[in-house]
Amino acid sequence: MGEFVVQGGRRLAGTLRVNGAKNAVLPLMAASLLADRPVFLEGVPDLTDVEVMVAVLRALGAVVERDGDALTIDPRPVQGYAVPAELMQRMRASMFVLGPLLARMGRAEMVQPGGCAIGERPVDLHLHGLAALGARVEEDGPVTRLVAERPLRGADIHLAYPSVGATENLMMAAAGAQGETHIQNAAQEPEIVDLAVLLSEMGVTVRGAGTPLIRVVGRAGPLSGGVRHAVIPDRIEAGTFLLAAAATGGEVVLDNALAVHLPGLLEVLREAGAEVWSPRPDAVALAAPETYPPARITVQTGPYPGFATDLQSPLTAFLTRVPGMHTVVERVFENRMGYVRELVRMGAQIGVDRRVATVHGGTPLHGATVVARDLRAGAALIIAALAAEGETVVQGAELIERGYERLADRLGALGARIARR
Ligand code: UD1
């Protein structure tokens, strides 16, 4: 298991470019399967999760080439319809190919991804929606098989919860279905809008992406490839860097960052006493005070435009720097507070009751050896390590590298002392 070693207590300062969004590019790559010619994606981050999706597409038969941050995906040779079990286990988002495969091949197969460190994470909403579009769902031990005897047909689908992944899977299946699909109670995340833009570029009519009602007028048969699409900036990476700078009393400018994609976070940073502004439309800047005045901050996560669950643990790490009692409520995943005990080992005073963390902020943090058990928990530990006195070893670097490219180099450029080993 790899680790990051951080000598804390140094202010982050400087300019950093935010990468293309991991959570946008994964469904965009899957959507490329619907095309009749290669699709070109730009601004693709170099992350292990992207490598896993490349491996999934190649396993299905697609030809995928990477050149810097550009990815060319040629889906024409695709013959396969089963996601290899090993790739499914490595990344739940591998199941994004189900919708496109079903539309393209009339069948798709995966092993159930199962629970993970942050909760049970069922796939029922994906499967119900795909069934509504005309797929038969067969459970065969751990294998789930989807078969469509006839081309998929548009349908009215109401999601019991605005699941991001289910909305995306259903948009892709609907894009390759005959007729019109309505997805009600759809997720409204910016990544959904990015997918809608790509599908539109590929010749499908998509309306309402970014609202709770998405309408897709499908086109049975392959969609138009040959399109070139730039991935939106990663709002979670941007939020993580802002919180890291804020936790160290630092001053940063993030290029390729969109303030409108960070509802909640910028307000919380201001409430705590940091200055946050947009020097340009696609940049966000932060200047933090050296020490924070006392405050009482309450945040709850929720589907977009609510506060992003992926920033919940980085936020809690930051709040340990702000004197006062703060409350953080996790409302998206049932088991996403596990990282708190690692922060407590660094001196943080945080109590957890199921989904609610109560942070007694402003107490000093000290170095320790801590373990990242999921990607964003790892980001929280890195933030705490940057703010702590002394050396912290964050184990589980591989999990952190699922979502943050060249983290040690990029934080190092802002003045952090951090090494990957
Ligand atoms: C996506 C993001 C992830 C983020 C999450 C919530 C990607 C690759 N990942 O994950 O980083 O934390 O959105 O913003 O984009 N649920 C069900 N049944 C389903 C599907 C989901 O009950 O079939 C539940 C989940 O257990 C969870 C909630 O819905 O409690 C939200 O999950 P969902 O929005 O689907 O998250 P993902 O798409 O997996």
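Bear in mind the structure is a predicted one, so any value in this text is a computation, not a measurement. (Residues numbered from 1 in each chain as written. Predicted model: local features only at pLDDT ≥ 70, side-chain atom pairs only at ≥ 80, totals over all residues. Heavy atoms only, no water.)

**Comments concerning the sheet that holds strand β4 (residues 63-67)**
Pairing is mixed in the open sheet, where four strands are placed in the order β4-β5-β3-β13. Both outer strands of the open sheet, β4 and β13 (228-230), are each paired with one neighbouring strand and no more. Strand-to-strand twist of the sheet, defined as the mean angle between neighbouring strand axes without regard to direction, takes the value 20°. Sheet analysis places β4 next to strand β5 (residues 70-74), joined by five bridges and oriented antiparallel. Across the sheet, Asp67 pairs through a bridge with Ala70, a residue of β5. Together, β3 (39-42), β5 and β13 form the strand contacts of helix α1 (residues 22-31), whose direction differs from that of β3 by roughly 170°. The sheet contacts of helix α7 (residues 190-201) involve β3 and β13, and relative to β13 the element is tilted by about 165°. (Pairing = 2+ DSSP bridges. Helix = DSSP H or I, 4+ residues; strand = E, 2+ residues; numbered from the N terminus. Axes fitted to C-alpha atoms, helices over the stretch in contact; angles between N-to-C directions. Contact = heavy atoms within 4.5 Å.)

**A look at the packing of aromatic side chains**
Within the structure shown, the criterion is met by one aromatic pair. Ring centres of Tyr292 and Phe318 lie 5.4 Å apart, and the angle between their planes is 80°; this geometry places the pair in the edge-to-face category. Here Tyr292 is found in the loop between β16 (283-287) and β17 (298-300), whereas its partner Phe318 is found in helix α10 (residues 312-319), with 26 residues between them in sequence. Since its relative accessible area comes to 7%, Tyr292 is described here as buried. Classification of Phe318 as buried rests on a relative accessible area of 0%. The ring of Tyr81 has Arg107 lying over it, and the distance from NZ or CZ to the ring centre is 4.3 Å. (Phe/Tyr/Trp six-rings, centres within 6.5 Å; stacked < 30°, edge-to-face > 60°. Buried < 20%, exposed > 50% of the residue type's maximum accessible area, 1.4 Å probe, protein only. Lys NZ or Arg CZ within 6 Å of the ring centre and 35° of its normal.)

**Side note on the sheet that holds strand β6 (residues 107-111)**
Within the open sheet, the three strands sit side by side as β6-β8-β7. Their pairing is antiparallel. Of all the strands in the sheet, just β6 and β7 (136-140) have a single pairing partner and so form its edges. Here the strands of the sheet are splayed against their neighbours by 15° on average, with no regard to which way each runs.

**Here's the deal with the domain arrangement of the protein chain**
Domain annotation for the protein chain reports domain 1 (3-19 + 233-420) and domain 2 (23-226). Between the C-alpha centres of domain 1 and domain 2 the distance comes to 31 Å. If you look at the interface, domain 1 gives 21 residues, while domain 2 gives 19 residues. Applying the counting criterion to the domain 1 and domain 2 interface returns two salt bridges. Between Asp49 and Arg402 there is a salt bridge, with the nearest N and O atoms lying 2.7 Å from each other. At the boundary of domain 1 and domain 2, one finds six residue pairs in polar contact (both at pLDDT 80 or more). The residue makeup of the side of domain 1 that touches domain 2, split by class, is six nonpolar, four polar and 11 charged. (Domains from an automatic or database assignment. Salt bridge = Lys/Arg side-chain N within 4 Å of Asp/Glu carboxyl O. Polar contact = N/O pair within 3.5 Å; in protein donor to acceptor, adjacent residues only side chain to side chain. Nonpolar A, V, L, I, M, F, W, Y, C, P; charged D, E, K, R; others polar.)

**Observations concerning helix α2 (residues 48-60)**
For α2, built from 13 residues, the straight-helix expectation of 18 Å at 1.5 Å per residue is met to within 8% by its first-to-last C-alpha distance of 19 Å. Within the sequence span of α2, burial applies to Asp49, Val50, Val52, Met53, Val54, Val56, Leu57 and Leu60. At the exit of α2 stands Gly61, carrying a positive phi of roughly 120°. (Expected span 1.5 Å × (residues − 1).)

**A closer look at the pairing of β16**
Of all five residues in β16, five are buried; the element is thus mostly enclosed. Residues of β16 alternate between two faces, with Ala283, Ala285 and Ala287 on one and Val284 and Leu286 on the opposite face, all of them buried. Pairing analysis gives five bridges linking strand β14 (residues 251-255) to β16, with the strands arranged antiparallel. Paired with Glu251 across the strands is Ala287, a residue of β16. As defined by bridge partners, strand β15 (residues 275-277) adjoins β16 across three bridges and the pair is classed as antiparallel. Residue pairing for β16: Trp277 is matched across the bridge by Ala285.

**Thoughts on the site of the ligand**
Around the ligand there are 18 residues in total, and Asp124, Ser163, Gly165, Asp310 and Val332 lie nearest to it. Here a nitrogen atom of the ligand sits 2.7 Å away from a polar atom, N or O, in the side chain of Asp124. Between Ser163 and the ligand, the recorded distance is 2.6 Å, taken from a side-chain N or O atom to an oxygen atom. Considered on its own, the ligand offers 740 Å² of accessible surface; in the complex 86% of this is hidden by protein. When residues of the shell around the ligand are traced back to their parent elements, those giving at least two are α5 (124-132) and α6 (164-175). Here the element with the most residues in the shell around the ligand is α5; it accounts for three residues. Here the shell around the ligand is built from residues that sort into eight nonpolar, five polar and five charged. Counting contributing residues, the shell around the ligand receives three or more from each of domain 1 (3-19 + 233-420) and domain 2 (23-226). (Near = heavy atom within 4 Å. Areas by Shrake-Rupley, 256 points an atom, 1.4 Å probe, with all protein chains shown as cover.)

**Some thoughts on the packing of α6 against α7**
For any two helices packed against each other, the geometry comes down to the angle between their axes and how far apart the axes lie. At a minimum axis distance of 10 Å, the contact between α6 and α7 shows a crossing angle of 10°. In this view, α6 runs roughly parallel relative to α7, as classed from their interaxial angle. Listed contacts from α7 to Val164, Thr167, Glu168, Met171, Met172 and Ala175 of α6 are Glu191, Ile192, Leu195, Ala196 and Leu199. Of the residues in the contact of α6 with α7, the class split is eight nonpolar, one polar and two charged. (Parallel < 35°, antiparallel > 145°, perpendicular 65-115°, else oblique.)

**Re the pattern of salt bridges**
Within this structure, the stated rule accounts for 24 salt bridges. One salt bridge connects Arg37 with Asp36, and the closest N-O pair in it is separated by 3.4 Å. When the shortest N-O distance is used, the salt bridge between Glu149 and Arg136 registers 2.6 Å. Highlighted residues: Glu149 in the loop between β8 (143-147) and β9 (156-158) and Arg136 in strand β7, separated in sequence by 13 residues. Taking relative accessible area as the criterion, Glu149 reaches 60% and is therefore assigned exposed. Each of Glu109, Arg136, Glu138, Asp140, Arg145 and Glu149 takes part in salt bridges that share partners, so that together they form one network.

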